[in-house]
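Commentary on secondary and tertiary structure
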Amino acid sequence: MTQTPKKQGEFYQRDRRWHPPAYDKDYKTSVARSPKLSLISLENTPSEITGPRFGHGDMTPIDNDLLSNYAQPDQSPIGERIIVHGRVLDENARPVPNTLVEIWQANAGGRYRHKKDTYLAPIDPNFGGCGRTMTDENGYYFFRTVKPGAYPWRNWVNDWRPAHIHVSVFGSGFAQRLITQLYFEGDPLVKTCPIVATIPDPEAIEQLIAKLDMNATIPLDTIAYKFDIVLRGRRSTLFENRLEGN
Amino acid sequence: MPQSLEYLKETPSQTAGPYVHIGLAPGAAGFQIYEQELGQDIAGPNAKGERIRVEGLVIDGTGSPVKDVLLEVWQANADGVYPHPEHANHDTVEEGFRGWGRVITNFETGEWAFDTVKPGALMGRNGQMMAPHINLWIVARGINVGLNTRLYFDDEAEANAADPIINVIEWEKRRETLIAKRSERDGETVYRFDIRLQGDDETVFFDI
């Protein structure tokens, strides 16, 4: 375990070649929504090192249980019952405690509860499709939900999104802000998806695939997948940064 | 083989997609689920300083408004202090001042707006003051990695001219894309800030 330094410095620079580029012709919506000019690289200031903070007062304990947080009393959504759990870590492999994790997803039939979703699969009256929680002091989080269904979307005429859960994470500084998607081990649609394929490096894609975790299942009740999330790490200020001049 | 450094790689980003509201602003998606949605009150009731409204459009490369975008706001209070333990004097921040909020669009027009207080200037790197600014993070379908930009204020011309971040931008013409325009409407102070993702007058986005 890396020793925790007394004082932390800037965030490591984001590896832009690990992330998807803004423009990808095969993900058509990105074409008109991608900046063409270069991002301007900034060294961290307090505006990037700080970020919003949340507490248990911001939510209720049921918020991380998608099986019950929108269901009628004594009912539950249709679909494969799953636990999604893991840790939020930084690039130094240190846990990120007390940070907000939010998820959203389609129901088991691949339909979102959203006024703009018109897919013919039905809305599930007992499923909202969103949850949120705080990581504990070890960076650990968990949700209970149903496995989302695949669904078609307009890109080429016959594109299907693999089953996925959208994940939003904060970290301690605004520079760590991240939204990504969780996919499921063994899903053949992962390889066909133009949104997955915006990520250039196959190893980076592997990082988004939650692994079946039999040890975390609840026997005769709920199956489990493990999904660790890594946010940007920070320099240790072993020596003061030379801030004047260059 | 040399020794391994054993760093982890950051989880790669994926687009927030068209249904981002379900997760981050379910009321906008069309249903109530949480007792309290997060990010709806940036400054809180006790914040000092000038109350302002900021409004605008996010515009794509065809000149059309992006109607399904979601923005997040992060700003200091009127004294230039962030409510965060690593910022000096953070314990002086007014109770209820979050400095953070979520902004959704009108799905028909793409117009968005948020109410807050005008932030104060604050110290940046190298002892250089940064002009008052609001940090914005923009996600939507078609945006593969959330876009970071900063909003500055056109009535802070002197502070803007000395701002170390604005001055990093080599092209003076492009600096204008970060300046919100002040006006008065029904006794309210309104700043207009249109964000152009692409094309003529493309907004400056930062790799922070």
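In this numbering scheme, every chain counts its residues from 1 along its sequence in written order. Chains carry letters from A onward and ligands carry numbers from 1 onward, assigned in written order. Reporting of local features is limited, given that this is a predicted model, to residues whose pLDDT is at least 70; pairs of side-chain atoms are given and counted only at 80 or more, and all residues count toward the totals for whole chains, interfaces and linings. The side-chain figures draw on all heavy atoms in the structure; neither hydrogens nor water molecules are used.

**Focus: the overall build of chain B**
Put simply, the rule is: Secondary structure elements are taken from DSSP: a helix is a run of H or I of four residues or more, a strand is a run of E of two residues or more, and numbering for both begins at the N terminus. Using C-alpha atoms as the atom set, the radius of gyration is obtained and then compared with a globule rule of 2.2 Å times the number of residues to the power 0.38. To sort residues, take the accessible area from a 1.4 Å probe on protein chains only and compare it with the maximum for the residue type: under 20% means buried, over 50% means exposed, and anything in between is partly exposed. By definition, residues are in contact when any of their heavy atoms lie within 4.5 Å. We get accessible surface area from the Shrake-Rupley algorithm with a probe of 1.4 Å; when it comes to residues, only the shown protein chains can shield them. Neither His nor the chain ends is counted toward charge; the positive residues are Lys and Arg and the negative residues Asp and Glu. Think of each charge as sitting on NZ of Lys, CZ of Arg, CG of Asp or CD of Glu.
Within chain B one finds four helices and 13 strands. Taken over C-alpha atoms, the radius of gyration comes to 18 Å for chain B, in line with the 17 Å a tight globule of 208 residues would show. Considering only C-alpha atoms, chain B reaches an extent of 55 × 45 × 40 Å along its principal axes. In chain B, which comprises 208 residues, the proportion classed as buried is 59%. Expressed as a percentage of contacts within chain B between residues at least 6 apart in sequence, the contacts between residues at least 24 apart total 67%. Carbon and sulfur atoms make up 47% of the accessible area of chain B, which amounts to about 8500 Å² in all. Across chain B, 19 positive and 34 negative side-chain charges occur, with their mean positions spaced 3 Å apart.

**Concerning the interface of chain B and chain A**
Operational definition: Reported buried area values correspond to the accessible surface (1.4 Å probe) lost by two parts on association, with both partners' losses combined. Salt-bridge detection follows one rule: a side-chain nitrogen of Lys or Arg within 4 Å of a carboxyl oxygen of Asp or Glu. Pairs of N or O atoms are called polar contacts if they sit within 3.5 Å, as long as, within protein, a hydrogen donor faces a hydrogen acceptor (for residues adjacent in sequence, only side-chain-to-side-chain pairs).
Contacts between the two partners involve 78 residues from chain B and, on the opposite side, 91 residues from chain A. Together, Glu10, Gln14 and Arg125 of chain B form the three largest contributors to the area buried by chain B at its contact with chain A, with a combined 12%. There are 11 salt bridges connecting chain B and chain A. Between Arg177 of chain A and Glu72 of chain B there is a salt bridge whose closest N-O contact spans 2.7 Å. Here chain B is connected to chain A by 49 residue pairs in polar contact (both at pLDDT 80 or more). Elements with a contribution of two residues or more to the side of chain B that touches chain A: helix H1 (20-24), helix H2 (26-29), strand S3 (70-75), strand S4 (100-104), strand S6 (122-123), strand S8 (133-139), strand S9 (147-153) and strand S13 (206-207) of chain B.

**Focus: the packing of aromatic side chains**
Counted only if it meets this: Any two of the Phe, Tyr and Trp rings considered here, Trp counted by its six-membered ring, make a pair once their centres fall within 6.5 Å; the pair's planes then place it as stacked at under 30 degrees, edge-to-face at over 60, or tilted in between. Placement of a positive charge over a ring is assigned whenever Lys NZ or Arg CZ falls within 6 Å of the ring centre and within 35 degrees of the normal to the ring plane.
Scanning the model with the defined rule gives 15 aromatic pairs over all chains in all. Centre to centre, the rings of Phe184 of chain A and Tyr225 of chain A are 4.9 Å apart; their planes meet at 80°, and the pair counts as edge-to-face. Placement of Phe184 of chain A in strand S10 (residues 178-184) and of Tyr225 of chain A in strand S12 (residues 223-226) is noted, with a sequence separation of 41 residues between them. Overall, Phe184 of chain A belongs to the buried group, its relative accessible area being 1%. Assessed through its relative accessible area of 6%, Tyr225 of chain A is described here as buried. Taken together, a centroid distance of 6.1 Å and an interplanar angle of 10° make the contact between Trp112 of chain B and Phe114 of chain B stacked. Accessibility expressed as a relative area gives 2% for Trp112 of chain B, which makes it buried. Overall, the relative accessible area of 5% leaves Phe114 of chain B in the buried class. Here the aromatic cluster, defined as three or more aromatic residues joined through ring pairs, consists of Phe54 and Phe170 of chain A together with Trp100 of chain B. The ring of Phe170 of chain A has Arg177 of chain A sitting right over it, with the charged end atom 3.7 Å from the ring centre.

**Details of the confidence of the model for chain A**
What counts is decided by this rule: What pLDDT reports is the predictor's confidence in each residue, on a scale of 0 through 100.
In this model, chain A carries an average pLDDT of 94, and 93% of its residues clear a pLDDT of 70 or more. Predicted confidence is poor over residues 1-5 of chain A, with pLDDT under 50, and the contacts of this stretch with residues over four places away or in other chains come to nine contacts.

**Comments concerning the pattern of salt bridges**
Counted according to the given criterion, the structure contains 34 salt bridges over all chains. Between Arg235 of chain A and Glu10 of chain A there is a salt bridge, with its nearest N and O atoms 2.5 Å apart. One end of the pair, Arg235 of chain A, is in strand S14 (residues 234-236); the other, Glu10 of chain A, is in strand S1 (residues 8-11), and 225 residues separate them in sequence. Notably, a salt bridge pairs Asp117 of chain A with Arg111 of chain A, separated by 3.9 Å at the nearest N-O pair. One exposure class covers both Asp117 of chain A and Arg111 of chain A, and it is buried. When salt bridges that share partners are traced, they join Glu50, Lys118, Asp155, Glu156, Arg182 and Glu184 of chain B into one network.

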